[in-house]
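Residue-level listing of the chains:
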Amino acid sequence: MTDQPVTVLGIDIGGTKMAAAIVAADGEILTKDRIATPPGDADQVFAALGELIARVKGDTEPAAVGIGSAGPLDQEHGLVSPVNIAGWRNFPLVDRVRALVGDVPVTLGVDGHCFALGEFWTGAGRDVGSLLGIVVSTGVGAGIVVDGRPLLGQSGNAAHLGHVVVDLDGEACACGSYGCVETYASGPRMVARAKRRGWRSTEDVDAAVLSADAAAGDEIALSVFDDGAQALAAGIVATAVTVDLTTVVIGGGVAKAGPVLFDPVQRWVKRLAQLPFVADLTVQPAQLDNAGLIGAARLGWDLLPAATPSESALR
């Protein structure tokens, strides 16, 4: 091990995919891989993750492991109960991963927190002090970095923006509440809403097709994206006026829709952000393809005071 550079294993777990990477001290990804999140019970899902970790790790002996997982989670006990992974309820993810990688420090964070931290460290937020990062994909996750540190909250679940209620009479959400941001802005929910309005109602299509049709001018697709953008903007402004920040970075599969999503989001943010201290609220696309992985690895690096990222990386 002494001949190897010090590295960290980053793991990013969501309802659609699971990814892992070996990450250097400056945030560079040295090797990575990803798989679709499989169906099945707790052990079947973890077995797939274990194979992914083994493939990425190879002969490398990472000094620490940082895990970003869809939430909610119990950070103190290393347990996860992702809304979009039915097989994991109070699943002891930290202990199970530690058993695979050996006796090294392992830490756990919400995937949205890791996305925000990754963009803050080496992406769109590297020149700001605080930001709100949002992932719009199978669900809607988020994380907040304030003065260079992730805002975790007492349980580690702060900034669950996807489950901010924006419509008291809205649809039921997977979390058990109603009218959450996620019920309007997540990819599957937007597709379902468009189908109910008559868009490609008999076809097996996804949010990428919906965004392509919106870009081509389909009125139903555009209307559904506007609904999602309004919900996102409401969550963004509510968060901004609570935490007092002005930089928002959005990534995830749905964000690849580009102007179809960002134009209405910016329009709605401008309409809703009326207090002077959020008047300059800016929304921009993520710069990194692997922000969640990089942010998860950063959590791991923060466990290693003797081998922390360079001062240049930390600003």
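Please read these numbers as outputs of a predicted model, since none were measured by experiment.

What counts and what doesn't
Residues numbered from 1 in each chain as written. Predicted model: local features only at pLDDT ≥ 70, side-chain atom pairs only at ≥ 80, totals over all residues. Heavy atoms only, no water. Helix = DSSP H or I, 4+ residues; strand = E, 2+ residues; numbered from the N terminus. Rg over C-alpha atoms; globule rule 2.2 N^0.38 Å. Buried < 20%, exposed > 50% of the residue type's maximum accessible area, 1.4 Å probe, protein only. Contact = heavy atoms within 4.5 Å. Patch = residues over 30% accessible without salt bridge, like charges linked within 9 Å, V, L, I, M, F, W, Y side chains within 5 Å. Areas by Shrake-Rupley, 256 points an atom, 1.4 Å probe, with all protein chains shown as cover. Salt bridge = Lys/Arg side-chain N within 4 Å of Asp/Glu carboxyl O. Core = buried A, V, L, I, M, F, W, Y, C linked by side-chain atoms within 4.5 Å. Pairing = 2+ DSSP bridges. Axes fitted to C-alpha atoms, helices over the stretch in contact; angles between N-to-C directions. Parallel < 35°, antiparallel > 145°, perpendicular 65-115°, else oblique. Left-handed = near helix turned anticlockwise from the far one by under 90°. Nonpolar A, V, L, I, M, F, W, Y, C, P; charged D, E, K, R; others polar.

(A) Up close: the overall build of the chain. When helices and strands are tallied, the chain shows 10 helices and 12 strands. At 19 Å, the chain has a C-alpha radius of gyration in line with the 20 Å of a compact globule built from 315 residues. When each of the 315 residues of the chain is scored for burial, the buried share is 50%. For the chain, the share of sequence-separated contacts (at least 6 apart) that also reach a separation of at least 24 residues comes to 62%.

(B) Highlighting a nonpolar patch on the surface. A grouping of Val241, Leu275 and Phe277 is seen on the molecular surface, where their side chains present a nonpolar patch of about 240 Å² in accessible area. Take Val241: it is sitting in helix H7 (residues 219-243).

(C) How the structure looks around unusual backbone geometry. The residue after Gly71, namely Pro72, is reached through a cis peptide bond having omega 10°. If you trace the backbone, Pro72 turns up in the loop between strand S4 (65-69) and strand S5 (73-74). Located in the positive-phi region is Asn90, a residue other than glycine, with phi close to 50°. If you trace the backbone, Asn90 turns up in the loop between strand S6 (79-80) and helix H2 (93-101). Given a relative accessible area of 52%, Asn90 falls into the exposed group.

(D) Summary view of the nonpolar core. Counting 43 residues, the largest nonpolar core has Ile134, Leu232 and Ile250 as its most contacted members. Among the elements that take part in this core, H7 stands out by supplying 10 residues, more than any other. Those residues in contact with Ile134 that lie beyond four places of it in its chain are Phe115, Val140, Gly141, Ala142, Leu161, Leu232, Ile236, Val248, Val249, Ile250 and Gly251. The next biggest cluster of nonpolar side chains, apart from the first, holds 29 residues, and it includes Ile13, Met18, Ile53 and Leu108.

(E) Region of interest: the sheet that holds strand S2 (residues 17-23). Taken together, 5 strands build an open sheet; the order of strands is S3-S2-S1-S4-S7 and the sheet is mixed. Two strands bound the open sheet, and with one partner strand each, they are strand S3 (29-36) and strand S7 (106-110). Each neighbouring strand pair of the sheet contributes to a mean axis angle of 15°, computed without reference to strand direction. Sheet analysis places strand S1 (residues 8-13) next to S2, joined by 6 bridges and oriented antiparallel. Paired with Leu9 across the strands is Ile22, a residue of S2. Where helix H1 (residues 42-57) meets the sheet, its contacts fall on S1, S2 and S3, and the angle it forms with S2 comes to roughly 25°.

(F) Spotlight on the packing of helix H6 (residues 207-215) against H7. Where H6 contacts H7, the two axes come as close as 7 Å, and the packing angle between them is 110°. Between H6 and H7, the interaxial angle falls into the category roughly perpendicular. The handedness of the crossing between H6 and H7 is left-handed. Note on element contacts: H7 touches H6 through Ala221, Leu222, Val224 and Phe225, opposite Leu210, Ser211, Asp213 and Ala214. In terms of residue class, the contact of H6 with H7 is made up of 6 nonpolar, 1 polar and 1 charged.

(G) Spatial organisation of the environment of Asp167. Relative to the assigned elements, Asp167 resides in the loop between strand S10 (149-150) and helix H4 (181-185). A relative accessible area of 25% places Asp167 in the partly exposed class. With 14 residues separating them along the chain, Asp167 and Val181 place their C-alpha atoms 8.3 Å apart. Residues within four places of Asp167 in sequence aside, it is in contact with Tyr178, Gly179 and Tyr184.

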